[in-house]
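Residue strings, one per chain:
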Amino acid sequence: GVMEEAAVLSGDNAYNAHFGESIAAIGDIDDDDFQDVAIGAPKEDDYAGAVYIYHGDADGIIPKYSMRLSGRTISPGLQMFGQSISGNVDMDGNGYADVTIGAFMADSVVLLRCRLSGRTISPGLQMFGQSISGNVDMDGNGYADVTIGAFMADSVVLLRTRPVISVEVSIFLPVSINITVPQCHEGPQNLNCFNLTACMLFRGRQVPGQIELLYNLTADADKRQRDLPSRVYFSQSGAQVSMLSQQLHLDINRQVCHHFTAYVKKDVKDVSDRDLPALAPVLRWKKGNKMAVRNETLFEKNCLLYSKPHLALGGVKNISLNLTISNTGDDAYDTNIYFNFSREVFYINVWQKEEKGISCGLVAGFLKCSVGFPFMRAQTKYDFSVILDTSKVSGENDTLQFLVHAKSANPEHKLEDNTLDLSLSLIHEVDTTLTGVVSPTSFVYGSSVDASRFVQLDEMECNFQPLNLTFQVGTASHLSTRPSVHPSIHPST
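Summary of the structure given here. The structure presented is a predicted model; accordingly, all values stated were derived computationally and were not measured. (Residues numbered from 1 in each chain as written. Predicted model: local features only at pLDDT ≥ 70, side-chain atom pairs only at ≥ 80, totals over all residues. Heavy atoms only, no water.)

### Some remarks on the overall build of the chain
Moving on, step 1. Scanning the chain for helices and strands turns up 4 helices and 34 strands.
Moving on, step 2. Burial status across the chain gives 33% buried among its 493 residues.
Moving on, step 3. Pairs at least 24 residues apart make up 59% of the contacts formed inside the chain by residues separated by at least 6 positions.
Moving on, step 4. Accessible surface, the chain: about 31600 Å² in total, of which carbon and sulfur atoms supply 51%. (Helix = DSSP H or I, 4+ residues; strand = E, 2+ residues; numbered from the N terminus. Buried < 20%, exposed > 50% of the residue type's maximum accessible area, 1.4 Å probe, protein only. Contact = heavy atoms within 4.5 Å. Areas by Shrake-Rupley, 256 points an atom, 1.4 Å probe, with all protein chains shown as cover.)

Below, the structure is given as structure tokens:
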């Protein structure tokens, strides 16, 4: 046959890397039904060494490597990492090939989950890892073993693979926990609880037919790992515990399940799990590119236009802020509305046309209203009013500002519609008196009046007498009952 060049693989083109000194098929490690390959560059990074992983496809080998394994990254002491490679051997029976890589100048072999040191196996070994061979079951136990050469010690090390027990564990939980409706009753107490099931099964080749398995069942494991109080507990001998230790007798290939009841502690607010953000799905590496899938949608927003009415100081003592809060998304946990306003305004009460579980209180200089504890239902709208006392507003400013901010424990990408800035124009209402005089106080039509005092208007048959009007405007003061005199007003007449 005739061989043709299909592709050239070059790693990172590092100088004097000895790329290609070792090469090995490593099976289908990305589960795409095509064989993959590992290529060593033992002198790269100043003799620390590196191994490049290339994936296969229908046309052969993808020219761009998917992963670079650096000896210095795996262990700073490794040298000539990648001098020898052995793959395509499933040493632990998990269905995927395992890879062993030699670093003979460090007398080490790296199984891509641990490092084997020649000195640990035997102090006299030298050049351990110069050569590696696998995929041979030397002891007939159904598992491939690995042989490693240490030629400067005239030795070969046989690494025998132990039988592997694989335990499959399944935990079945309810889709959601409704903490507003207690499901359990202990005497007069109504408790929030839910049922869970833990199932286990073991498999393996050349393993015993029966095993005793000890396991721990931990409630709210993430909180426990971070030394935070658990929100869920189990009941054991009348005590509340967050972890149960159980012993299980298993027969090979036969599933056994245990059933448990878990309880939710009272007054739990932290129900949003915001410490565990959603992850975008990632597809397996293929055709030289890592593929990620993202999708995005927006919450529907129905906003109202707010007018800016005025407030007449002195005439109005109490005002009502009428609010509507809408949730067009999922259940909003720990929903609160915060009001920030002048220190001259005082909170009186909250009014609800229909009881929606809204409560308000002053916290650190601002007003906080809790809406629908523990959560505001999806696709709901609440109307309520906050009653405020404005009798102490001095009117030094032209406007009265109210900053309203809605917040929940749920993650939200668009926050613009969660804040409302209300500006209320201030108008001073005063008791005003208007007094004035007219000159002349009287006039007489007839022959006794000099005709020169009359003004004849064009195309008019009427005669007019000019009048001089003088007004004084006075305001009632809370310090004095006397009016304050304003400049005289002389209107044209």
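Resuming the write-up.
### Notes on the state of the cysteines
Moving on, step 1. With the rule as written, the count across this model stands at 3 disulfides.
Moving on, step 2. A sulfur-sulfur separation of 1.6 Å characterises the disulfide bridge that pairs C184 with C193. Its torsion about the S-S bond being 75°, the disulfide of C184 and C193 is classed as right-handed.
Moving on, step 3. Linked covalently through their sulfurs, C360 and C369 form a disulfide whose S-S length is 2.0 Å. Here the disulfide of C360 and C369 is right-handed, its torsion about the S-S bond being about 110°.
Moving on, step 4. The class for C369 is buried, based on a relative accessible area of 0%.
Moving on, step 5. Within the chain, bonded cysteines paired by disulfides and numbered along the sequence follow the pattern 1-2, 3-4, 5-6. (Disulfide = S-S within 2.5 Å.)

### Quick notes on the pattern of salt bridges
Moving on, step 1. In the structure shown here, the tally under the stated rule is 8 salt bridges.
Moving on, step 2. Taking the shortest distance from any N to any O, the salt bridge between D12 and R68 comes out at 3.6 Å. Here D12 is found in the segment before β1 (22-27), whereas its partner R68 is found in strand β6 (residues 67-70), with 56 residues between them in sequence.
Moving on, step 3. In this structure R68 comes out as partly exposed when scored by relative accessible area, which is 28%.
Moving on, step 4. One salt bridge connects D331 with R377, and the closest N-O pair in it is separated by 3.8 Å. Note that D331 is positioned in the loop between β23 (318-327) and β24 (332-341) and R377 in the loop between β27 (366-376) and β28 (380-389), a separation of 46 residues in sequence.
Moving on, step 5. Look at R377 and you get partly exposed, because its relative accessible area is 37%.
Moving on, step 6. One network of salt bridges, in which partners are shared, links D12, E44, D45 and R68. (Salt bridge = Lys/Arg side-chain N within 4 Å of Asp/Glu carboxyl O.)

### As for the sheet that holds β24
Moving on, step 1. Spatially, the 6 strands line up as an open sheet ordered β22-β30-β29-β24-β27-β26, and their pairing is mixed. One side of each edge strand has no neighbouring strand; the edge strands of this open sheet are β22 (310-313) and β26 (359-363). Between one strand axis and the next, the sheet turns by 25° as a mean value, whatever way the strands run.
Moving on, step 2. Direction of pairing for strand β29 (residues 399-407) relative to strand β30 (residues 419-428): antiparallel, over a ladder of 7 bridges. Among the inter-strand pairings, H405 is bridged to a residue of β30, identified as T419. (Pairing = 2+ DSSP bridges. Axes fitted to C-alpha atoms, helices over the stretch in contact; angles between N-to-C directions.)

### Side note on the pairing of strand β17 (residues 210-218)
Moving on, step 1. The side-chain alternation of β17 yields one buried face, formed by I211, L213, Y215 and L217, and one unburied face, formed by Q210, E212, L214, N216 and T218.
Moving on, step 2. In this structure, β17 lies alongside strand β20 (residues 243-251), joined through 9 bridges in antiparallel fashion. Along β20, the bridge assignment pairs E212 with H249.

### Describing the sheet that holds strand β2 (residues 36-41)
Moving on, step 1. Here 4 strands make up an open sheet; going across it, the order is β1-β2-β3-β6 and the pairing antiparallel. Looking at strand neighbours, the two that pair on one side only are β1 and β6, the edges of this open sheet. The average undirected angle you get between the axes of adjacent strands in this sheet is 20°.

### Re a nonpolar patch on the surface
Moving on, step 1. A cluster of nonpolar side chains, I165, V167, V169, I171 and L173, forms an exposed patch at the surface whose accessible area comes to about 430 Å².
Moving on, step 2. With respect to the helices, strands and loops of the structure, V169 is situated in strand β14 (residues 166-172). (Patch = residues over 30% accessible without salt bridge, like charges linked within 9 Å, V, L, I, M, F, W, Y side chains within 5 Å.)

### Regarding the side chain of Q83
Moving on, step 1. Examined against the element boundaries, Q83 turns out to sit in strand β7 (residues 81-89).
Moving on, step 2. Under the relative-accessibility criterion, Q83 is labelled buried at 11%.
Moving on, step 3. Looking at Q83, its side chain comes within polar contact range of the side chain of E21, at 3.1 Å.
Moving on, step 4. Apart from the residues lying within four places of it in its own chain, the contact partners of Q83 are E21, S22, P42, G102, F104 and Q130. (Polar contact = N/O pair within 3.5 Å; in protein donor to acceptor, adjacent residues only side chain to side chain.)

Distances and angles like these do not, on their own, reveal function.
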